[in-house]
Amino acid sequence: MAYDDENVFARILRGEIPAEKVYEDEHVLAFNDIAHLAPVHVLVIPKGQYVSCDDFTANASDAEMAALMRAVGKVARDLGVVDSGYRMVSNTGPDAGQEVPHFHIHIFGGRRLGGLRRQAGGGE
Ligand code: AMP
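Remember, it's a predicted structure, so these values are computed and weren't measured experimentally.

(A) Local environment of helix H3 (residues 62-78). Counted at 1.5 Å a residue, the expected span for H3 with its 17 residues is 24 Å, and the 24 Å between its end C-alpha atoms agrees. If you check which residues of H3 are buried, you get Glu 64, Ala 67, Leu 68, Ala 71, Val 72, Gly 73, Val 75 and Ala 76. Where H3 is buried, its residues touch strand E1 (21-24), strand E2 (28-32), strand E3 (40-46), helix H2 (53-59), strand E4 (86-89) and strand E5 (105-109). At the C-terminal side of H3, Gly 80 shows a positive phi close to 75°.

In structure tokens, the structure reads:
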């Protein structure tokens, strides 16, 4: 799948639409999800143009990959959800319901998130 540089996260990265930034470095941007599903709901994205987790893990540099995971940990620490706990989710492709075709990791926290079984296998 070719990268669509008009997707909403590409536009956020270019500063064309606003986002509530919580972290930024050379390779990564993290910002609040616009339709948050938990008290903490942050999206951590690479600045590089990667459609999905598949594209990212196949084609990103080691530096980009390390930066993304470091950023996930830092955001969780900075937002104070390490002790209470948090969940990382990344949707890839149609079966997972990926809506935005720019790789992103969701961080959820700040409340009891419920069992993974319902999320992963509960059906429609
Ligand atoms: P996914 O279904 O994993 O592709 O998740 C896409 C996420 O992007 C959803 O949780 C949306 O609420 C979020 N989203 C879409 N547009 C924006 C935006 N302009 N700013 C922040 N989050 C957004």
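(B) Looking closely at the pattern of salt bridges. Counted by the stated rule, this structure contains six salt bridges. Lys 47 is the salt-bridge partner of Glu 24, the closest N and O atoms lying 2.8 Å from each other. Of this pair, Glu 24 sits in strand E1 while Lys 47 sits in the loop between E3 and H2, placing them 23 residues apart in sequence. By sharing partners, the salt bridges in this structure join Glu 6, Arg 11, Arg 14 and Glu 16 into a single network.

(C) Summary view of the packing of aromatic side chains. Summed over all chains, the structure comprises three aromatic pairs. For the ring pair Phe 9 and Phe 31, a centre distance of 5.4 Å and an interplane angle of 75° mean the geometry is edge-to-face. With a gap of 22 residues between them, Phe 9 in helix H1 (residues 8-13) and Phe 31 in strand E2 connect regions that are remote in the sequence. Each member of the pair, Phe 9 together with Phe 31, is buried. Taken together, a centroid distance of 4.9 Å and an interplanar angle of 35° make the contact between Phe 56 and Phe 103 tilted. Here the residue Phe 56 occupies a position in helix H2, and Phe 103 occupies one in the loop between E4 and E5, the gap between them amounting to 47 residues. Take Phe 103: its relative accessible area is 4%, and that puts it in the buried class. Aromatic rings pair up to connect Tyr 50, Phe 56 and Phe 103 into one cluster.

(D) Spotlight on the side chain of Glu 64. On the secondary structure map, Glu 64 appears in helix H3. Buried and without a salt bridge, Glu 64 has Lys 47 as its closest oppositely charged side chain, separated by 11 Å. Engagement of the side chain of Glu 64 in a polar contact is seen with the side chain of Tyr 50, the distance being 2.7 Å. Side-chain polar atoms of Glu 64 contact the backbone nitrogen of Ser 61, separated by 2.9 Å. Leaving out residues up to four positions away in the same chain, Glu 64 has contacts with His 27, Gly 48, Tyr 50 and Phe 56.

Conventions adopted
- Residues numbered from 1 in each chain as written.
- Predicted model: local features only at pLDDT ≥ 70, side-chain atom pairs only at ≥ 80, totals over all residues.
- Heavy atoms only, no water.
- Helix = DSSP H or I, 4+ residues; strand = E, 2+ residues; numbered from the N terminus.
- Expected span 1.5 Å × (residues − 1).
- Buried < 20%, exposed > 50% of the residue type's maximum accessible area, 1.4 Å probe, protein only.
- Contact = heavy atoms within 4.5 Å.
- Salt bridge = Lys/Arg side-chain N within 4 Å of Asp/Glu carboxyl O.
- Phe/Tyr/Trp six-rings, centres within 6.5 Å; stacked < 30°, edge-to-face > 60°.
- Lys, Arg positive; Asp, Glu negative; His and termini not counted.
- Polar contact = N/O pair within 3.5 Å; in protein donor to acceptor, adjacent residues only side chain to side chain.

Function cannot be inferred from these measures alone, as they are strictly geometric.
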